[in-house]
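Summary of the model geometry
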Amino acid sequence: METSFAITGKGYVIVASDTTAARSIVKMKTDDDKIKVVSPHLLMSYSGEPGDTIQFAEYVERNLRLFNIRNNYSLRPSAAASWIRRSLAQSLRSRKPYSVNLMLGGFDVTTDSPHLYWIDYLGTMTEVPFGAHGYGSYFALSLLDRYHDPEATLEEGLATLKRCIDEVAKRLVVSPGKYKIKVVDKDGTREVEL
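Throughout this document, residue positions are counted from 1 along each chain, in the order its sequence is written. Where totals are concerned, whole chains, interfaces and linings use all residues; where local detail is concerned, this predicted model gives features only for residues with pLDDT of at least 70, and gives and counts side-chain atom pairs only at 80 or more. With hydrogens and water excluded, all non-hydrogen atoms of the structure serve as input to the side-chain values.

1. Let's talk about the sheet that holds strand β8 (residues 113-119)
In this description, strands pair whenever DSSP reports at least two bridges between them. By the criteria applied, helices consist of DSSP H or I runs no shorter than four residues and strands consist of E runs no shorter than two, each listed in order from the N terminus. If you trace the five strands from one edge of the open sheet to the other, you get β5-β6-β7-β8-β9, paired in antiparallel fashion. The sheet terminates laterally at β5 (35-39) and β9 (125-127), the two strands that pair on one side only. Averaged over all pairs of adjacent strands, the angle between strand axes in this sheet comes to 20 degrees, irrespective of strand direction. The sheet contacts of helix α1 (residues 50-71) involve β5, β6 (42-48) and β7 (100-108), and relative to β6 the element is tilted by about 160 degrees. Whether two residues are in contact is decided by their heavy atoms, any of which lying within 4.5 Å being enough. Note on definitions: angles span 0 to 180 degrees between N-to-C directions of axes, and those axes are lines fitted to C-alpha atoms, for helices only across the stretch in contact. Contacting β6, β7, β8 and β9, helix α2 (residues 77-92) crosses the sheet at an angle of about 165 degrees to β7.

Shown next as structure tokens:
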């Protein structure tokens, strides 16, 4: 029952993900952080099979860090998204594919622009102004389509995100209790509260 949302705005990307770790009908923990900071200006929200998600997120984080060490600069969001998509596509054609859905939000410091990429377990990638994964996406995408404003301030973006979270809590039978929310902008990444 994983749910994650992401929104772009004027100079920022907000990424939110539920904190519940569950398997079948059993809730195992309620403080799981499903958003990985993979570089100073790059966040990755992941959902899917528990072992695959952790392993793939750490694999991405380590390889992007290795690239930074070898080349003395970090990958831009578009390059990182392409590398992640290729890695998922290659694993899909192996004997042990990753079952991971991702949203990659980043701020490109060279062009001063936010970017959000929606990537699924089949290696499909597209740049989007907003996105969602999981059961909550059935309710949130229509709200995001109606209320998303690419020129919105951070406070307005958080208000739109709050609408999505409230709608999922109201309509989804097994709704997640808490969410972790992180923002990436020109100053880097940080966690925020609603």
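2. Comments concerning the nonpolar core
Counting 22 residues, the largest nonpolar core has Phe5, Ile14, Leu161 and Ile181 as its most contacted members. For this core, the leading source of residues is helix α4 (residues 154-171), giving six residues. Grouping buried Ala, Val, Leu, Ile, Met, Phe, Trp, Tyr and Cys residues that are joined through side-chain atoms within 4.5 Å yields what is termed a nonpolar core. Each residue gets one of three labels from its accessible area relative to the maximum for its type: buried under 20%, exposed over 50%, partly exposed in between, using a 1.4 Å probe on protein chains only.

3. Some details on the packing of helix α3 (residues 137-147) against α4
The contact between α3 and α4 brings their axes to 9 Å, and the two run at 150 degrees. As summarised for this structure, α3 and α4 are arranged roughly antiparallel, according to the angle between their axes. The chirality of how α3 crosses α4 is right-handed. Along its contact with α3, which presents Phe139, Ala140, Leu143, Leu144 and Tyr147, the element α4 presents Thr160, Arg163, Cys164, Glu167, Val168 and Arg171. Each residue gets one of three labels, nonpolar for Ala, Val, Leu, Ile, Met, Phe, Trp, Tyr, Cys and Pro, charged for Asp, Glu, Lys and Arg, and polar for the others, Gly among them. For the contact of α3 with α4, a count of residues per class yields seven nonpolar, one polar and three charged. Working definition: roughly parallel below 35 degrees, roughly antiparallel above 145 degrees, roughly perpendicular at 65 to 115 degrees, and oblique for all remaining angles. In a left-handed crossing the near helix is turned counterclockwise from the far helix by less than a right angle, and in a right-handed crossing that turn is clockwise.

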